[in-house]
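Observations on chain architecture
Each chain, written out:
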Amino acid sequence: MAGRHPGRMLRSWLWQLPWTRFKLLAARALYYPAVLAFGRTRGTVVRNGIRYDLDLREGIDLSLFILGSFQPHVVRNRFVQLPRDGVVVDVGANGGILALQLAQAVPGGRVFAFEPTDYAFAKLIRNLELNPELSPRVEAVQAFVSSASAARPGLSAYASWRVDGASSGNHPLHGGTAKSADAIGAVSLDDFAAQRGLHRVDFIKIDTDGHELEVLRGARGLLARHKPVVVFEIARYVMEERGIAFSDYVSLLAPLGYALFDAKSGVGIDLANHTERIPARATIDIAAVAGPATLP
């Protein structure tokens, strides 16, 4: 193994581990103590000034209950600097945890929160109802977001990560359960922006469990015109499942002037180092940043 850097070797080994599965197992271990502390499995809590209707049987809700936040690096990192009147698009909003945080960050702005599944969309609406001071800034849209608009897109979406062992038919690695989205259509972000007459978009967050590339393909015009910062989830195992490669992201985004970074660490990710920076069996969030000043 002469010539190989020990740090890279260790990182390469660590990146092969199923960290997503480990997180799910840890959540299951914390579930019963959390229920004992809360006194019930479901109820309303306040975190950072925002009210949420939480179901502790759900991994996302459990994380928010215990840690006080969920994936804070997605909206609070060196690349996302939202103006007070910012326009934000949240694709894969689920129950609205990040959408509400984003609404809090843009008191004079607007958040468009897309969620296709009946299950998570109902949670999103409930959480908006609990926050009347924030909900006027959030428009909840029940739709898939994809590369093209379609009445019957034939898509499915994971929307539940149960930690009480009650669900079946889970994804073998990330443990998610697909939820019903019957008769829900798809829209591209380019079409949506044209329909709503959006003259600016400052930030796009995408978390669609493998459909991120299609979302980006449907937003080429928007990205070219407005140059929003984009944070999207990525994983090597998901790319393998979908038959796509990291080079597909690069070939789409680089001609539009975007460079890619790990949203949490700020390290640049490109064709030369992506296998070292993107885990084999876990996800990270990538920040796509346009323009010459890519390091704020």
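Look a little higher up for the structure.
Attention in this report is confined to the structure presented alongside it.

Focus: the overall build of the chain
What the chain contains, in helices and strands, is 11 helices and 13 strands. Here the chain, with 296 residues, has 53% of them falling under the buried criterion. Once local pairs closer than 6 in sequence are excluded, the contacts in the chain between residues at least 24 apart make up 71%. As presented, the chain carries roughly 13,200 Å² of accessible surface, and 55% of it is formed by carbon and sulfur atoms.

Observations regarding the environment of S160
Assignment of secondary structure puts S160 in strand β7 (residues 157-160). On the basis of relative accessible area, S160 is assigned to the buried category, the value being 2%. Distance from S160 to T177, taken between C-alpha atoms, is 5.2 Å for residues 17 residues apart in sequence. A polar atom in the side chain of S160 sits 2.7 Å from the side chain of E58.

Re the packing of aromatic side chains
Under the criterion given, the structure shown has 6 aromatic pairs. Centroid distance F232 to Y249: 5.2 Å. Interplanar angle 10°. Geometry classified as stacked. In this pair, F232 sits in strand β11 (residues 229-234) while Y249 sits in helix α10 (residues 246-253), placing the two residues 17 residues apart along the sequence. Per residue, the accessibility class of F232 equals that of Y249, and both read buried. Linked through ring pairs, F112, F114 and F192 together constitute an aromatic cluster. Against the face of F38 rests R40, its NZ or CZ located 4.1 Å from the ring centre.

Regarding the pattern of salt bridges
Oppositely charged side chains are able to pair whenever their charged atoms sit close together. Throughout the structure, instances matching the rule amount to 13 salt bridges. Here K123 ties to D61 by a salt bridge, and the two come within 3.0 Å at their closest N and O atoms. Of this pair, K123 sits in helix α5 (residues 118-129) while D61 sits in helix α3 (residues 59-67), placing them 62 residues apart in sequence. Each member of the pair K123 and D61 is classed as buried. In this structure, E129 and R126 form a salt bridge, with 4.0 Å as the shortest nitrogen-oxygen distance. Residue E129 and its partner R126 are located together in helix α5, separated by 3 residues, close to a single helical turn.

Side note on α5
Across its 12 residues, α5 extends 17 Å between first and last C-alpha, which sits within 8% of the 16 Å expected from 1.5 Å per residue. Looking only at α5, the buried set comprises A120, F121, K123, L124, N127 and L128. Taken end-on, α5 shows its buried residues confined to a sector of 155°, consistent with a single buried face.

Topic: the environment of A194
Looking at where A194 falls in the secondary structure, it is placed in helix α6 (residues 189-196). By relative accessible area, which is 61% here, A194 ends up exposed. A194 sits 27 residues away from G221 along the chain, and the two C-alpha atoms are 10.0 Å apart.

Regarding the sheet that holds strand β5 (residues 138-141)
Taken in spatial order, the 7 strands make up an open sheet running β5-β4-β3-β10-β11-β13-β12, and their pairing is mixed. Strands at the two margins of the open sheet, each flanked by one partner only, are β5 and β12 (258-262). Taking each pair of neighbouring strands and ignoring which way they run, the sheet shows an average axis angle of 15°. One ladder, built from 5 bridges, connects β11 with strand β13 (residues 284-290); its direction is antiparallel. The residue of β13 that forms the bridge with V230 is A288. Along the sheet, α5 makes contact with β4 (110-114) and β5, crossing β5 at roughly 160°.

Comments concerning the pairing of strand β3 (residues 87-91)
With 5 of 5 residues buried, β3 is to be regarded as a mostly interior element. Every second residue of β3 is oriented toward a common face, with V87, V89 and V91 on one face and V88 and D90 on the other, all of them buried. As judged from the 5 bridges shared by β3 and β4, these two strands associate in the parallel manner. Bridge pairing in β4 links V91 to F114. Assessed by its sense of winding, the connection that carries the chain from β3 through helix α4 (residues 97-105) to β4 is right-handed.

Conventions and cut-offs
- Residues numbered from 1 in each chain as written.
- Predicted model: local features only at pLDDT ≥ 70, side-chain atom pairs only at ≥ 80, totals over all residues.
- Heavy atoms only, no water.
- Helix = DSSP H or I, 4+ residues; strand = E, 2+ residues; numbered from the N terminus.
- Buried < 20%, exposed > 50% of the residue type's maximum accessible area, 1.4 Å probe, protein only.
- Contact = heavy atoms within 4.5 Å.
- Areas by Shrake-Rupley, 256 points an atom, 1.4 Å probe, with all protein chains shown as cover.
- Polar contact = N/O pair within 3.5 Å; in protein donor to acceptor, adjacent residues only side chain to side chain.
- Phe/Tyr/Trp six-rings, centres within 6.5 Å; stacked < 30°, edge-to-face > 60°.
- Lys NZ or Arg CZ within 6 Å of the ring centre and 35° of its normal.
- Salt bridge = Lys/Arg side-chain N within 4 Å of Asp/Glu carboxyl O.
- Expected span 1.5 Å × (residues − 1).
- Arc of directions from axis to C-beta.
- Pairing = 2+ DSSP bridges.
- Axes fitted to C-alpha atoms, helices over the stretch in contact; angles between N-to-C directions.
- Right-handed = clockwise from strand over helix to strand, strands pointing away.

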